[in-house]
Amino acid sequence: MRRPLHTLASLAITAAVALFSLLLLYWVLVTSLKRPGTEFRLPLRVWPAEISWESYQTVLGPGFEVQNAIRNSLLVSSAVTVGALFLAALAAYAIARLRFRYKVQSLALIQMAGMAPAIVVIAPTFVLIRSLGLLSSLPGLILPNIAYSIPLSTWLLAAYFANLPFELEDAAKMDGWPPFQVFWRVMLPLAAPGLFSAGVLVFLGSWGEFMLALTISLGLPEAQTAPVAILGFSQAFQLQWAWVSAGIMLSLVPVILLVLLFQRAVIQGLTAGSVRY
Amino acid sequence: MRQRESTIALLFLAPAFLALAVFLFYPIVQTAIYSLFDLEYSTRWREAPFVGLANYRAVLASREFWGSMRFTVLFAVAAVTLEFVLGLSMALASFWVIRPLRGILRTIIVLPWAIPAIIQASIWRWLFNTDVGLIGALAVGLGLAEKPPLFLADPTLAVFSVIIAYVWKGAAITAIFLMGGLAMVPQHLHDAAKMDGARAWMRLRRITLPLILPTILVVLLFRTLDALRVFDIVYGLTGGGPGATTDTLSSFAYKFYFTFVQFGRGSAYAIITFLLVMALSLLYIRRITPHLRFR
């Protein structure tokens, strides 16, 4: 009896949240499709009079080459995801499944490390990366970001490992499998869904990392990630927002795709921590 | 046997702890060491004069420090409050709407969280631009202002602008965490209360909120920690300006490092920020670890 009203109110609420959440992105999209030079013309149009791809051609062309920054980001985030998941899975397996003293303390210490503000590590990290000769290089970004991603992924994976059944693991141990084999061939495959959602979160996290990327890149294009490059564009071309918008849209493609395709994994990953409190 | 298992555990933990040691524990200790030396234009602390706590005294005596401290705390309180109200509303809505809309609504809620903060800062900076920004144009169009306000140049408006930009992303993550808590509220409690004729507002106050209180506390702590560390949004949106009115502890410390090139003073600043955040994160850790159940 209250059905139609409920449906209507639901639609209205969804529309209101969409307006709040998507307006920014929508405005960037519209601007990126306007002919450069007309983006500020009044009255403001909610959809361009004619769609122009000129800005996309510009930001992909010489002088901009936003694709380089996006490629850098893809390389960094992929490498960080693989590296951090591997290290975190090892640690999480020990914490969740092996018997030793101080396990809660170990996990607490790892979590505390994850709370440290970036500003308190940035200067020595810069000096360290410089002495390794890795300034303005992708490895210089990948290595610290792996460490930064360990706390969150260890937390999520420990929660996941803790909920897995013990039978297979015990059987493999009875058969005399060495510990690493038990971890690698029995536990990791079982934890695949947990690894996946932790992986998506690590990828998104390192994609958006800024302070280290800004400091290590030294402003040179070789190691600029997408966020650093976009900030540079937006400061250099304050009145060419059609170009900047096109750059932003392109750099957000991987992020938006990940969220749209794996919305479930993202939300499950994020709530996995809080559900266990 | 037990001895052997703890050795194995140590081996499994070692790689992660090595990575944390090199890129988190060591830099924190090194920053603490920097903070005790008079370091300018260089980080070679072994050759620099040792000054004890002089850097801390200088920082604590400076007006800029207390200005950025005041702004950071004000920012954290305002942002976390707003985030919580918006986040809770969105989380509740995502359970209330008709089933077919739930997945869509959740995707829409998550999206702002996934967009890098610095890119959001760039977008907001443009939207708040006085000459070409959408928000100023809307304010004029709706008759709220005669000409576009100076969002980022006016000290009061700049504070609001930074908070709005930060909350836009923060409300999303707050909502997601709260959804996790809401998912655990048993449906039968709701149904029973409904049968007893309890109104929606009563059910929210007497059943839902008390049951998700632990989640709420953790979310508030977690978000406060994040707000106290804020850097990206400020750096990209106002750069701390006008003057230093929107400088947070982190953004001001970054200026000390890479604009003024005063590593000793900057490190003292960073360590103070660190201690403040750590005090809260101890509370946070204490809150979340007792509930852990491992073998």
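Residues numbered from 1 in each chain as written. Chains lettered and ligands numbered in written order. Predicted model: local features only at pLDDT ≥ 70, side-chain atom pairs only at ≥ 80, totals over all residues.

Trainee: Tell me what's going on with the overall build of chain B, and back it up with residues and numbers.
Mentor: Scanning chain B for helices and strands turns up 13 helices and zero strands. Secondary structure elements of chain B, listed N to C terminal, follow the sequence α-α-α-α-α-α-α-α-α-α-α-α-α. In chain B, which comprises 295 residues, the proportion classed as buried is 45%. Here the contacts in chain B between residues at least 6 apart in sequence split such that 65% fall between residues at least 24 apart. (Helix = DSSP H or I, 4+ residues; strand = E, 2+ residues; numbered from the N terminus. Buried ≥ 20, exposed ≤ 12 C-beta atoms within 10 Å, placed from the backbone. Contact = placed C-beta atoms within 7 Å.)

Trainee: Describe the overall build of chain A, listing the residues and the values that go with them.
Mentor: In terms of helices and strands, chain A carries 13 helices and zero strands. Counting from the amino terminus, chain A carries its helices and strands in the arrangement α-α-α-α-α-α-α-α-α-α-α-α-α. Principal-axis analysis of the C-alpha atoms places the extent of chain A at approximately 75 × 70 × 30 Å. Within chain A, the proportion of its 277 residues that are buried is 48%.

Trainee: Break down the environment of L221(B) for me, citing the residues and quoting the values.
Mentor: Residue and element names in this part refer to chain B. Among the secondary structure elements, L221 is positioned in helix 10 (residues 213-228). Accessibility expressed as a C-beta count within 10 Å gives 19 for L221, which makes it partly exposed. The spacing of L221 and G67 is 154 residues in sequence and 23 Å in space, taken between C-alpha atoms. If we skip the residues at most four places from it in the chain, L221 touches L280, L283, Y284 and R287.

Trainee: Explain the domain arrangement of chain A to me, using residue names and the numbers behind them.
Mentor: Residues and elements named next belong to chain A. Domain assignment breaks chain A into domain 1 (3-59) and domain 2 (62-275). The C-alpha-based centres of domain 1 and domain 2 are spaced at 31 Å. Sorting the residues of the side of domain 1 that touches domain 2 by element identifies helix 1 (3-32) and helix 2 (54-60) as the ones contributing at least two each. In the side of domain 1 that touches domain 2, the residues fall into five nonpolar, four polar and two charged. (Domains from an automatic or database assignment. Nonpolar A, V, L, I, M, F, W, Y, C, P; charged D, E, K, R; others polar.)

Trainee: Please provide a residue-by-residue account of the interface of chain A and chain B, values included.
Mentor: Between chain A and chain B, the residue contacts involve 81 residues of the former and 85 residues of the latter. It is helix 1 of chain A that provides the largest number of residues to the side of chain A that touches chain B, a total of twelve residues. Its residues assigned to classes, the side of chain A that touches chain B comprises 61 nonpolar, 15 polar and five charged.

Trainee: Please set out the nonpolar core residue by residue, giving values where relevant.
Mentor: Counting 174 residues, the largest nonpolar core has A88(A), A91(A), A92(A), I150(A), L157(A), V110(B) and I176(B) as the members making the most contacts within it. Of all the elements, helix 3 (residues 66-97) of chain A adds the most residues to this core, at 17 residues. Each of two domains, domain 1 (3-59) and domain 2 (62-275) of chain A, supplies a minimum of three residues to this core. Discounting chain neighbours no more than four positions away, the residues touching A88(A) are I150(A), S153(A), T154(A), L157(A) and A16(B). (Core = buried A, V, L, I, M, F, W, Y, C linked by C-beta atoms within 7 Å.)

Trainee: Give me the lowdown on helix 8 (residues 187-195) of chain B, citing residues and values where you can.
Mentor: Across the nine residues that make up helix 8 of chain B, only a small minority, zero, are buried. Of the residues one or two after helix 8 of chain B, G197(B) is the one with positive phi, at around 85°.

Trainee: Report on the environment of P117(A), specifying residues and quantitative values.
Mentor: Inspection of the secondary structure assignment puts P117(A) in the loop between helix 4 (103-115) and helix 5 (119-131). Looking at P117(A), the number of C-beta atoms within 10 Å reads 24, which means it is buried. With near-sequence residues (within four places) excluded, P117(A) lies in contact with R229(B), S250(B), T273(B), F274(B) and V277(B).

Trainee: How would you explain the packing of helix 12 (residues 249-258) of chain B against helix 13 (residues 263-288) of chain B if you had to name every residue and give the values?
Mentor: If you want to describe how two helices pack, look at the angle between their axes and the distance between the axes. Residues and elements named next belong to chain B. It is the contact of helix 12 with helix 13, at a shortest axis distance of 8 Å, that shows an interaxial angle of 160°. The orientation of helix 12 with respect to helix 13, classified from their angle, is roughly antiparallel. In this structure, helix 12 crosses over helix 13, and the sense of that crossing is left-handed. Where helix 12 abuts helix 13, its residues L249, S250, F252, A253, F256 and Y257 lie against F263, R265, G266, Y269, A270 and T273. Along the lines of polarity and charge, the residues of the contact of helix 12 with helix 13 split into eight nonpolar, three polar and one charged. (Axes fitted to C-alpha atoms, helices over the stretch in contact; angles between N-to-C directions. Parallel < 35°, antiparallel > 145°, perpendicular 65-115°, else oblique. Left-handed = near helix turned anticlockwise from the far one by under 90°.)

Trainee: Quick rundown of unusual backbone geometry? Include the residues and the values.
Mentor: Across the junction of G241(B) and P242(B), the peptide omega takes the value -5°, indicating a cis bond. Tracing the backbone through its elements, the reader meets P242(B) in the loop between helix 11 (232-237) and helix 12. In this structure, E65(A) is a non-glycine residue whose phi angle is positive, near 45°. When you line up the elements, E65(A) lands in the loop between helix 2 and helix 3. Here the phi dihedral of Y102(A) falls at roughly 60°; this positive angle occurs in a residue that is not glycine. Along the chain, Y102(A) turns up in the loop between helix 3 and helix 4.

Trainee: Describe the confidence of the model for chain B, listing the residues and the values that go with them.
Mentor: Per-residue confidence for chain B gives a mean pLDDT of 89, with 98% of residues at or over 70. The complex model carries a pTM of 0.92, and its ipTM stands at 0.91. (pLDDT = per-residue confidence, 0-100.)

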